Amino acid sequence: MKKIISIVFISVLFFAFSSCEKDFTETPTPDDFSYDLSSNFNSVYAMNINNGTTSNCDNNILVFPDWDTFHQIVDDLDRERETNIENVNNAVDSTYTDEEYEAYIDSIGFNEEQPYIDVETTLKFCSLRKKLYDAETQWLAAQGDGAWDAKTDPDNHFIDDEVRVLLNEQSEVIVKNEKGEDIIYKFYPKGRVEITNNDYQVLQALNHAGPNDTITSTNLKYFELSDAQSVVPHDLPWDGFYGYDYYGSYYGEGSSSSSSSCKDANHRFQKYFEITSHKRIKAVHKYRHNTLMGNPIVRSKTKYYHKDGFWHRASSQITAELFANYPLKCDHTGNVPPPKSKTYFAHKAEVAWGPIVDFQGNPEMTDNNAYSVHKRYDYTKTIDLYDDQVQ
């Protein structure tokens, strides 16, 4: 079997993006928001492997030299997206209505997702982001005026949306180890697997495994989802390891520590709020411990949706906030994380605490302490990070 069909090499500049330095004295164009895949990044490429699935793109997996590089690109893309939004907001009148802002960004060809689209296009790569984005578009159009079911929402995926562009449609990526050997990583809601020796037959078996199957190999190891690097793997999957769909709760509902008064497990929460019959926001908050995907973090996100014939993503003046009364530790020792707030015209606004500097380790939640806030203009919902209670 031919292991590699095609390879596309890329380079990504870490810290200097052209959009960060733009002064919109003239009407911006789509080129002003393009992501600069330039020459100061080493050995990141896309290729095609036989993972047992079909793809509409030339390449179906990305290869990174190490996890530090993976994490840096995640941060760079997130920063580029936010900078583009801020630049556009700085170029418009603060009194704009939603309709005027939408008309403006349509006229200049602006898309919040452009940095991700540029990566996918340049690499000829079908990402998990694109798959879920298209599925969510169809899902939104099919929603009526009643309650939306979070369990069927493609955007409610167990992979954080800021890293989806770097994983393939099956939540897979290749990251080299310290010896320069390819390690295939495949992520599930209940854990991850690592495949060595380019054993694509094992990967194919995993992509066709049923909930009651058990795939074993000397080239296959199982890990808890919360495990970072250098932990002892499992030789066998645990109950229900393969039995999932792509949607549903990130880490399970109501995850907590042994003490009911303090939660120290990974957690994600989302809820839809109806503002009017044709305007809704989705509030999302999550807290994650140190994992292979990144450092400890707490995030608050607000997303806006509009209906004009059918439901779709739209832009409005939205806000995401985080604030706390005490440190994010069970005993409230340490430093109180600073309040974070972001307001602008966009589909998605988000803020974050992290990594370790804000909470001296992994975040721990107690009742009536830390909150996420989600707004559209003066419509506001405040949610307790401990028990997800809405105020």
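Residues numbered from 1 in each chain as written. Predicted model: local features only at pLDDT ≥ 70, side-chain atom pairs only at ≥ 80, totals over all residues. Heavy atoms only, no water.

**Here we look at the overall build of the chain**
For the record, the criterion: What counts as a helix is a DSSP run of H or I of at least four residues, what counts as a strand is a run of E of at least two, and both are numbered from the N terminus. Whether two residues touch is decided by their heavy atoms; if any such pair falls within 4.5 Å, the residues are in contact. Working definition of accessibility: Shrake-Rupley area with a 1.4 Å probe, residue cover restricted to the visible protein chains.
When helices and strands are counted, the chain shows five helices and 18 strands. Counted over contacts in the chain with a minimum sequence separation of 6, partners at least 24 positions apart contribute 64%. Carbon and sulfur atoms provide 47% of the accessible area of the chain, an area that totals close to 17,000 Å².

**Details of the confidence of the model for the chain**
As a reminder, the rule being used: For every residue, the predictor reports its confidence as pLDDT, a number between 0 and 100.
Taken residue by residue, the chain gives an average pLDDT of 85. The fraction at 70 or more is 82%. Low confidence marks residues 11–25, where pLDDT is under 50. Its contacts with residues over four positions away, or in another chain, come to 39 contacts. Confidence drops under a pLDDT of 50 for residues 245–258, and excluding neighbours within four residues, the segment shows 42 contacts in the predicted structure.

**What to know about the side chain of Gln-270**
To keep things clear, this is the line we draw: Accessible area is worked out with a 1.4 Å probe on protein chains only. A residue is then buried under 20% of its type maximum, exposed over 50%, and partly exposed in between. Polar contact is defined as a pair of N or O atoms within 3.5 Å, subject to the rule that within protein one atom must be able to donate a hydrogen and the other to accept it, and that residues adjacent in sequence are counted only when both atoms are side-chain atoms.
Summarising the element assignment, Gln-270 is placed in strand β9 (residues 267–276). Its relative accessible area of 10% is what places Gln-270 among the buried residues. Polar side-chain contacts of Gln-270 include one of 3.1 Å to the side chain of Arg-268. Side chain to side chain, Gln-270 and Tyr-272 meet in a polar contact 2.9 Å long. Not counting chain neighbours up to four residues away, the residues in contact with Gln-270 comprise Ala-150, Asp-153, Asn-156, Lys-282, Ala-283 and Val-284.

**Overview of the pairing of strand β5 (residues 182–188)**
Heads up, the rule is: What makes two strands pair is DSSP finding at least two bridges between them.
β5 sits mainly inside the fold: seven of its seven residues count as buried. What you see with β5 is no split at all: Asp-182, Ile-184, Lys-186 and Tyr-188 on one side and Ile-183, Tyr-185 and Phe-187 on the other are buried throughout. Here β5 runs beside strand β6 (residues 191–195); their pairing, made up of five bridges, is antiparallel. Note that in β6 the partner of Tyr-188 across the bridge is Gly-191. Counted along the chain from β5 to the antiparallel partner β6, the turn is two residues long.

**Remarks on the state of the cysteines**
Using the following cut-off: By convention in this document, the label disulfide applies to cysteine sulfur atom pairs within 2.5 Å.
Enumeration over the complete set of coordinates arrives at two disulfides. Each sulfur of the disulfide joining Cys-57 and Cys-126 lies 1.9 Å from the other. Every disulfide takes its handedness from the sign of the S-S torsion; for Cys-57 and Cys-126 that torsion is 80°, giving right-handed. Separated by 69 residues along the polypeptide, Cys-57 in the loop between β2 (44–47) and β3 (61–64) and Cys-126 in the loop between α3 (114–123) and α4 (128–141) bring together distant segments of the chain. A relative accessible area of 23% places Cys-57 in the partly exposed class. Sulfur-sulfur distance for the disulfide between Cys-262 and Cys-330 comes to 1.9 Å. Here the S-S torsion is close to -75°, and the disulfide linking Cys-262 with Cys-330 is therefore left-handed.

**Considering the pattern of salt bridges**
Going by this rule: Between Lys or Arg on one side and Asp or Glu on the other, a salt bridge is scored when a side-chain nitrogen of the former is within 4 Å of a carboxyl oxygen of the latter.
Under the criterion given, the structure shown has 33 salt bridges. Notably, a salt bridge pairs Lys-348 with Asp-161, separated by 3.4 Å at the nearest N-O pair. Of this pair, Lys-348 sits in strand β15 (residues 348–353) while Asp-161 sits in the loop between α4 and β4 (172–176), and the two are 187 residues apart along the sequence. Both residues of the pair, Lys-348 and Asp-161, count as buried.

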